[in-house]
Every structure is written in C-alpha cells, then in structure tokens.
Amino acid sequence: DLSRVRAQGAYLAGTVARRAIWRQARLFRAVLDGCEMARADFTEADLRHAHLEGSRFEKATFRSTRLSCGNFKGAFLRNADFTGATLTGAMLSDSDFIGAVLTGVNLARAVGVAADFSGADLTGVDARQAYLRGSRFSGADLAGARFLEADLREADFEGAELEGADFRRARL
C-alpha cells in the first residue's frame, strides 16, 4: 500500500506494480513511462505534469485524480475509471481509452490526436478547446459533453450517443 506516499519528481519508469494502491499519493512530475500498473488505484492522487508515456493502466482507478498537463501519449487505459478526474492540458495522443469511464472529467485544452475513446462513457465531460483531431468516439456516450471551440476534425462519432452534447464553435 503506497497511499499518501510523497514521490514528487520520482523516476519510476518501467515499474511493474499491478493492483498497487496509490491513493492520495503525491507523484507530481513523476516519470512513470513504460509502466505496467493494471488495476492500480490512484484515487485522489496528484499526478500533475507526470510522464506516463506508453504505460499500461488497464482497469486502473483514477477517480478525482489530478492529472493536468500529464503525458499519456500511447498509454493503454482500457476500462480505466477517471470519474471526476482533471486532465486539463494533458497529452493523450495515440492513447487507448476504449471502454473507459470519464464521467464529469475535465479535458479542457487536452491534446489527443488519434486517441481512441470507443465505447467510453464521457457523460458530462468538459472538453473546451481540446485538440482531439482524428480521435475515435464510436459507440461512446457523450451525453451532455461540452466540446466548445474544440478541434474534432476527422473524428469518428459513429454510433455515439450525442444527446445534449454541445459542439458550439467546434471544428468538425
């Protein structure tokens, strides 16, 4: 149990810590590139500016976690739970969020070129000014999502639930 650990700026690249508990951990600017942390629990942790490039977090929990400006490029996040998390300005390009729960997540100004949100729950997500060009939202639930001024060119919304979604001034 690594709950409340203080590891700001720690270099943990390549760590294998499946099912590890990191609740309320302080991992600000930590390097977690290439990690294997399936089913890990990061509830209410601070991962702002952390590097998680190419890491695997299948079925991990990031509920109410601070992930602003984090780098998730090429990360595998299938069926992960991000309910209430903050991903403002995060790098999400080429990441796999298939089946993930992102209910009420703040994705404002996030960059997610070719990210895959197929079948994900993005109910009430705030993606203002996000750059999600070429991303996949097929079969995703986007009810009440806000994509104001977002760049969604070449995005795939086939079979997505769009009831109440706001695309004002978005580039489609």
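For the structure, check the block above.
The rules behind each value
Residues numbered from 1 in each chain as written. Predicted model: local features only at pLDDT ≥ 70, side-chain atom pairs only at ≥ 80, totals over all residues. Heavy atoms only, no water. Core = buried A, V, L, I, M, F, W, Y, C linked by side-chain atoms within 4.5 Å. Buried < 20%, exposed > 50% of the residue type's maximum accessible area, 1.4 Å probe, protein only. Contact = heavy atoms within 4.5 Å. Phe/Tyr/Trp six-rings, centres within 6.5 Å; stacked < 30°, edge-to-face > 60°. Lys NZ or Arg CZ within 6 Å of the ring centre and 35° of its normal. Salt bridge = Lys/Arg side-chain N within 4 Å of Asp/Glu carboxyl O.

Participant: Please explain the nonpolar core as it appears in this structure.
Facilitator: Across soluble globular proteins, nonpolar side chains have a tendency to be buried as a group. By size, the foremost hydrophobic cluster in this structure holds 55 residues, and its most contacted members are Phe42, Phe82, Leu87, Leu102, Phe117, Leu122 and Phe137. Look past the residues within four positions of phenylalanine 42 in its chain and what remains in contact with it is Trp22, Leu27, Met37, Leu47, Phe57, Thr61, Phe62 and Thr65.

Participant: Can you help me understand the packing of aromatic side chains in this one?
Facilitator: Where two aromatic rings form a pair, the distance of their centres and the angle of their planes describe that pair. Taken as a whole, this structure holds 12 aromatic pairs when the rule is applied. For the pair phenylalanine 117 and phenylalanine 137, a centre-to-centre distance of 5.2 Å together with 5 degrees between the ring planes defines the contact as stacked. Among the residues examined, phenylalanine 137 registers a relative accessible area of 1% and is labelled buried. By way of ring pairs, the aromatic residues Trp22, Phe42, Phe57, Phe62, Phe82, Phe97, Phe117, Phe137, Phe147, Phe157 and Phe167 are connected into one cluster. Against the face of phenylalanine 76 rests arginine 56, its NZ or CZ located 4.1 Å from the ring centre.

Participant: So what exactly am I meant to see when it comes to unusual backbone geometry here?
Facilitator: Peptide bonds are trans in most cases, and residues, glycine excluded, mostly fall at negative phi. Notably, lysine 59 is not glycine yet its phi reads approximately 60 degrees, a positive angle. Phi at arginine 109 takes a positive value of approximately 60 degrees, unusual for a residue other than glycine.

Participant: So what exactly am I meant to see when it comes to the pattern of salt bridges here?
Facilitator: Note on pairing: side chains with opposite charge can pair once their charged atoms come close. Tallied over the entire structure, the rule returns 15 salt bridges. With a closest N to O distance of 2.7 Å, aspartate 81 and arginine 63 form a salt bridge. You can call aspartate 81 buried: its relative accessible area is 18%. Residue classification places arginine 63 among the partly exposed positions, given a relative accessible area of 37%. A salt bridge links aspartate 151 to arginine 153; its shortest N-O distance comes to 2.5 Å. Residue aspartate 151 is classed as buried on the basis of its relative accessible area of 6%. With relative accessibility at 22%, the residue arginine 153 sits in the partly exposed group.

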